[in-house]
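Residue-level structure breakdown
Here's the letter readout for the chains.
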Amino acid sequence: MSGPQITTLANGLRVVTDRVEHVETVSVGVWVGAGTRCESKEINGVAHLLEHMAFKGTERRSARDIAEEIEAVGGHLNAHTAREHTAYYAKVLKDDTALAVDILADILQNSVFDPEEISRERSVVLQEIGQAIDTPDDIIFDHFQATAYPEQPLGRPVLGTAEVVGTMPRDVLIGYQQGHYVAGEMVLAASGNLHHEELVSQAETVFANLRSEKRPAFEKADYQGGEYREARDLEQVHIALGFKGHAIGDADFYPLMVMSNLLGGGMSSRLFQEIREQRGLVYSIHSFNASYSDDGMLGIYAGTGEREVAELIPVLCDQIAGLADSVMEIEVARSRAQLKASLLMGLESTGARCEQLAQHLLVFGRILGVEEISRRMDGVDLAAVQRVARTVFASRPTLAVMGPLAQVERLDAVAGRLAA
């Protein structure tokens, strides 16, 4: 392994590879720097529906052909939509890399958007939306996001709403693809047993029809916080509590990661030990760091019983409010070690390598090496964690709760506990 190689084609498409000689496979995909943040309220869900439609037939292949060709060589083809990107990717044996790239190029440039297929796929996505609504520990995060970023693209659900998706016309899909699937905002990334020059040569041919443009800039994020409450007849109360965090490129991004991990990232974390192990108030509790190109959130999720929630919230607030003054160097060291180990273990997967290459290019315009990330992680000391804890937890909270709510405190009461 000699490290990643990057070539920018004449149309602006970036091709990046990371050769891993000792494997027999290749993970390859196209990451598009456009997702839900590129949608207005009137077309919310178009990025996700477009991702579905990419597999529903091109000028050269039917939907069945796409599935059969990749599976005939034992490969896998998939995609996902996020708030700032959409990804299409495959994993194949090394000798079938060219086929995977050809299929990816075909579905991203030559989809026909057959009206009957659109109608069927709208129904599939509506079922997906319905399933999310029926899953409280899933849909709570959509309400959490919408409360933190109200009336903004960053706050809208990735799946969209049934009202919009159910009537979305064909020309909206085509218009979104033409405006956002442009070479300057796309990365072709691959990791595994392949040669960079061969991939570049093929990309110059199969992606020749991409337009050399940039997509419109994201609307600036404006974290506001607030409260969402939904009474439901459930066995558990689902709680998401969050605060304004940091963007991916911020100097305090790594201290925030270390702090989030020691607070609620594993079995040795403060929240797991105090709230689950010592008090038995939850089955599931964890913290998470949702960082974007220009903003971010630190969040905590917990699911608890109707009786237990009255004890849970004060204990949770105590853990948060007291963190800056009580955190110890041994916790910071353990959290750093966990995060570095997770990074290195993840790089044993060609799929993870491939995704990291693409995301780094989309966000930073360059690849952050393992040594650089490790250096930044090692630079997080006790003082940095204390500083980030004080600033993050001083922001206005976001509280989203769902379930039996009689014993759930209002946001003002929670904010008061955090400020005490």
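I will try to describe carefully the structure that is included in this document.

Cut-offs and rules
- Think of each chain on its own: its residues are numbered from 1, step by step along the sequence as written.
- Owing to the predicted nature of the model, reporting of local features is limited to residues with pLDDT of at least 70; listing and counting of side-chain atom pairs is limited to 80 or more, with chain, interface and lining totals taken over all residues.
- By convention in this description, side-chain values take in all heavy atoms of the structure and omit both hydrogens and water.
- Secondary structure counts use DSSP, requiring at least four H or I residues in a row for a helix and at least two E residues in a row for a strand, with both numbered from the N terminus.
- Radius of gyration here is computed from C-alpha atoms only, and the compact-globule reference equals 2.2 Å multiplied by the residue count raised to the power 0.38.
- Here's how the labels work: a residue is buried when its accessible area is under 20% of the maximum for its type, exposed when over 50%, partly exposed in between, all with a 1.4 Å probe on protein chains only.
- Residue contacts are defined here by distance: any two heavy atoms, one from each residue, within 4.5 Å place the two residues in contact.
- For the accessible areas, the method is Shrake-Rupley and the probe is 1.4 Å, while residue cover comes only from the protein chains on display.
- Residues scored as charged are limited to Lys and Arg (positive) and Asp and Glu (negative), so that His and the chain ends carry no count.
- By convention, charge coordinates are those of NZ in Lys, CZ in Arg, CG in Asp, or CD in Glu.
- Should DSSP find at least two bridges between two strands, the strands are taken to pair.
- Structural elements are reduced to axes, namely lines fitted to C-alpha atoms, with helices fitted over the stretch in contact, and the angle between N-to-C directions of any two is expressed from 0 to 180 degrees.
- Pairs were defined over the aromatic rings of Phe, Tyr and Trp, the Trp ring being its six-membered one, requiring ring centres within 6.5 Å. Orientation was assigned from the angle between planes: stacked under 30 degrees, edge-to-face over 60, tilted for the rest.
- Whenever a carboxyl oxygen of Asp or Glu lies within 4 Å of a side-chain nitrogen of Lys or Arg, that contact is scored as a salt bridge.
- The criterion is simple. A nonpolar core is a set of buried Ala, Val, Leu, Ile, Met, Phe, Trp, Tyr and Cys residues joined through side-chain atoms within 4.5 Å.
- Counted as a polar contact is a pair of N or O atoms within 3.5 Å, where, for protein atoms, one must be capable of donating a hydrogen and the other of accepting one, and residues adjacent in sequence contribute only when both atoms are in side chains.

So, on to the overall build of the chain. Along the chain, the regular secondary structure elements total 17 helices and 11 strands. Computed over C-alpha atoms, the radius of gyration of the chain comes to 23 Å, within 12% of the 22 Å expected from 2.2 N^0.38 for 420 residues, which places it in the range of a compact globule. Buried positions account for 55% of the 420 residues belonging to the chain. Across the chain, every contact between residues at least 6 apart in sequence was considered, and the portion connecting residues at least 24 apart equals 81%. If you sum the accessible surface of the chain, you get close to 18,100 Å²; carbon and sulfur atoms cover 49% of it. With 38 positive and 60 negative side-chain charges, the chain shows a spacing of 4 Å between the two charge centroids.

This brings us to the environment of leucine 316. Secondary-structure assignment places leucine 316 in helix α11 (residues 309-321). For leucine 316, a relative accessible area of 4% puts it in the buried group. The sequence separation of leucine 316 and leucine 271 amounts to 45 residues, and the corresponding C-alpha distance is 7.4 Å. Residues in contact with leucine 316, not counting those within four places in the same chain, are Leu241, Leu271, Ile275 and Ile300.

A few words now on the sheet that holds strand β7 (residues 226-231). Spatial ordering of the open sheet is given by β7-β11-β8-β10-β9, a layout of 5 strands whose pairing is mixed. With partners counted over all chains shown, the strands left at the sheet margins are β7 and β9 (282-291), one partner each. Averaged over all pairs of adjacent strands, the angle between strand axes in this sheet comes to 10°, irrespective of strand direction. Relative to strand β10 (residues 296-305), β9 runs antiparallel, the two sharing 9 bridges. Its bridge partner being in β10, valine 282 is matched across the sheet by threonine 304. Along the sheet face, helix α9 (residues 253-264) touches β9 and β10 and points at about 180° away from the line of β9.

Attention shifts here to the pairing of strand β8 (residues 236-244). By the criterion of burial, β8 is predominantly enclosed, with 7 of the 9 residues buried. Two strands pair when backbone bridges link them, and β8 and β10 are joined in this way by 9 bridges, in the antiparallel orientation. What sits directly across from isoleucine 239, in β10, is alanine 302. Pairing of β8 with strand β11 (residues 398-403), which is carried by 5 bridges, proceeds in the antiparallel orientation. In the sheet register, glycine 242 faces β11, and the bridge partner there is threonine 398.

Turning to the packing of aromatic side chains, a few remarks are in order. In total, this model carries 9 aromatic pairs according to the counting rule given. Summarising the aromatic geometry, the rings of tryptophan 31 and tyrosine 89 are spaced 6.1 Å apart at their centres and angled 20° between planes, so their arrangement reads as stacked. Of the two residues, tryptophan 31 is situated in strand β3 (residues 25-32) and tyrosine 89 in strand β5 (residues 86-93); the sequence distance between them amounts to 58 residues. Since its relative accessible area comes to 2%, tryptophan 31 is described here as buried. Classification of tyrosine 89 by relative accessible area gives partly exposed; the value is 27%. Ring centres 5.9 Å apart and planes at 80° place the aromatic pair tyrosine 149 and tyrosine 223 in the edge-to-face group.

Before going further, it helps to examine the pattern of salt bridges. Taken as a whole and assessed by the stated rule, the structure comprises 30 salt bridges. With a shortest N-O distance of 2.7 Å, arginine 37 and glutamate 84 are connected by a salt bridge. Of this pair, arginine 37 sits in the loop between β3 and α1 (46-53) while glutamate 84 sits in the loop between β4 (76-81) and β5, placing them 47 residues apart in sequence. Under the relative-accessibility criterion, arginine 37 is labelled buried at 3%. Residue glutamate 230 pairs with arginine 232 through a salt bridge whose shortest N-O separation is 2.8 Å. A single salt-bridge network, built from bridges that share partners, covers Arg60, Arg61, Glu69, Asp102 and Asp106.

Here we come to the nonpolar core. Core analysis: the biggest nonpolar cluster contains 71 residues, and Val28, Tyr88, Ile107, Leu173 and Phe207 have the highest contact counts within it. For this core, the element with the most residues is helix α3 (residues 97-109), which contributes 7 residues.

Quick look at the sheet that holds β4 now. Judged by pairing direction, the sheet is mixed, and its 6 strands sit side by side in the order β1-β2-β6-β3-β5-β4 without closing on themselves. On the outer flanks of this sheet lie β1 (5-8) and β4, each paired with one strand and no other. The sheet shows a mean angle of 15° between the axes of neighbouring strands, direction not considered. Two strands pair when backbone bridges link them, and β1 and strand β2 (residues 14-19) are joined in this way by 4 bridges, in the antiparallel orientation. Bridge pairing links glutamine 5 to threonine 17 in β2. With respect to the sheet, α1 is in contact with β4 and β5, its orientation differing from that of β4 by roughly 170°. Against the sheet, helix α8 (residues 196-206) makes contact with β1, β2 and β6 (186-192), and its axis sits at roughly 155° relative to β2, the strand it touches most.

Let us look at the side chain of aspartate 18. Here aspartate 18 is to be found in strand β2. A polar atom in the side chain of aspartate 18 sits 2.6 Å from the side chain of arginine 353. When near neighbours in sequence (up to four residues on either side) are disregarded, aspartate 18 contacts Gly3, Pro4, Ala190, Ser191, Gly192, Leu194, Arg353 and Leu357.

Nothing here speaks to function; it is geometry throughout.
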